[in-house]
Amino acid sequence: MRQFSEQEKQLIYAIYQSKDSNSYVLTNAFKEWFYNENNTINTAIGYDCEHGQLVFDLDKIKDSNSILGIQKEIIQTALLLKYLEDNGLIYIIEDDADTDNLWYIGKSTQQMGTPLRVNLPKDIANIINRSKCRIYVSYALTQLVENDFKT
């Protein structure tokens, strides 16, 4: 089992807390960028589900380092979710629930002054798109968290 950073542990703990929920979706893993603390839409960043693109409002975020840093953090989060799924710690429930009607996560381009679209790698976009589905938290993840991330 790999070592997790403190930020990764916080995300895993949030997923662990959802173990008894019937409606938790992994999109919550990305709320730091797409939603504010009171769960309202962030005014500067969105994700276009159809095209697999991050969308930044250049009227609010003008610094290219900030844009690239956010892109990197989102990719890191997506890769952690992929790791959890690949290692059987979570299971993504792709059922008949209609998740295809969610075109944007966060702010849409129509709500932005000057949108900047940044393509994500297709595998990362796929992970984010699948995050709209509900999950099952495995016993192994529960034990990992309850044992303070020691195997």
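Computed from a predicted structure; not experimentally measured. (Residues numbered from 1 in each chain as written. Predicted model: local features only at pLDDT ≥ 70, side-chain atom pairs only at ≥ 80, totals over all residues. Heavy atoms only, no water.)

### Observations concerning the nonpolar core
Ile 15 and Leu 84 are the most contacted members of the largest nonpolar core, which totals 43 residues. Looking at which element gives the most residues to this core, the answer is helix α3 (residues 64-86), with 8 residues. Excluding anything up to four places from it in sequence, Leu 84 contacts Ile 12, Ile 15, Leu 89, Ile 90 and Leu 141. (Core = buried A, V, L, I, M, F, W, Y, C linked by side-chain atoms within 4.5 Å. Buried < 20%, exposed > 50% of the residue type's maximum accessible area, 1.4 Å probe, protein only. Helix = DSSP H or I, 4+ residues; strand = E, 2+ residues; numbered from the N terminus. Contact = heavy atoms within 4.5 Å.)

### Re helix α4 (residues 122-130)
Inspection of α4 places Ile 124, Ala 125, Ile 127, Ile 128 and Arg 130 among the buried residues, and these make up the whole buried set. Summarising the contacts, the buried residues of α4 are in contact with β1 (45-48), α3, β3 (90-93) and β4 (104-106).

### Quick notes on the packing of helix α1 (residues 6-17) against α3
For the pair α1 and α3, interaxial distance at closest approach is 11 Å and the crossing angle is 55°. With respect to α3, the axis of α1 lies oblique. Two packed elements cross with a definite hand, and for α1 against α3 that hand is right-handed. Mapping the contact onto sequence places Glu 8, Leu 11, Ile 12 and Ile 15 in α1 and Thr 77, Leu 80, Leu 81 and Leu 84 in α3. (Axes fitted to C-alpha atoms, helices over the stretch in contact; angles between N-to-C directions. Parallel < 35°, antiparallel > 145°, perpendicular 65-115°, else oblique. Left-handed = near helix turned anticlockwise from the far one by under 90°.)

### Describing the side chain of Ser 138
Structurally, the position occupied by Ser 138 is in the loop between β6 (134-137) and α5 (139-146). When its relative accessible area of 9% is taken as the criterion, Ser 138 is described as buried. At 3.1 Å, the side chain of Ser 138 and the backbone oxygen of Gly 88 are in polar contact. Among the polar contacts made by the side chain of Ser 138, one reaches the main-chain carbonyl oxygen of Leu 89 at a distance of 2.9 Å. With residues up to four places along the chain from it excluded, the contact list for Ser 138 reads Gly 88, Leu 89 and Ile 90. (Polar contact = N/O pair within 3.5 Å; in protein donor to acceptor, adjacent residues only side chain to side chain.)

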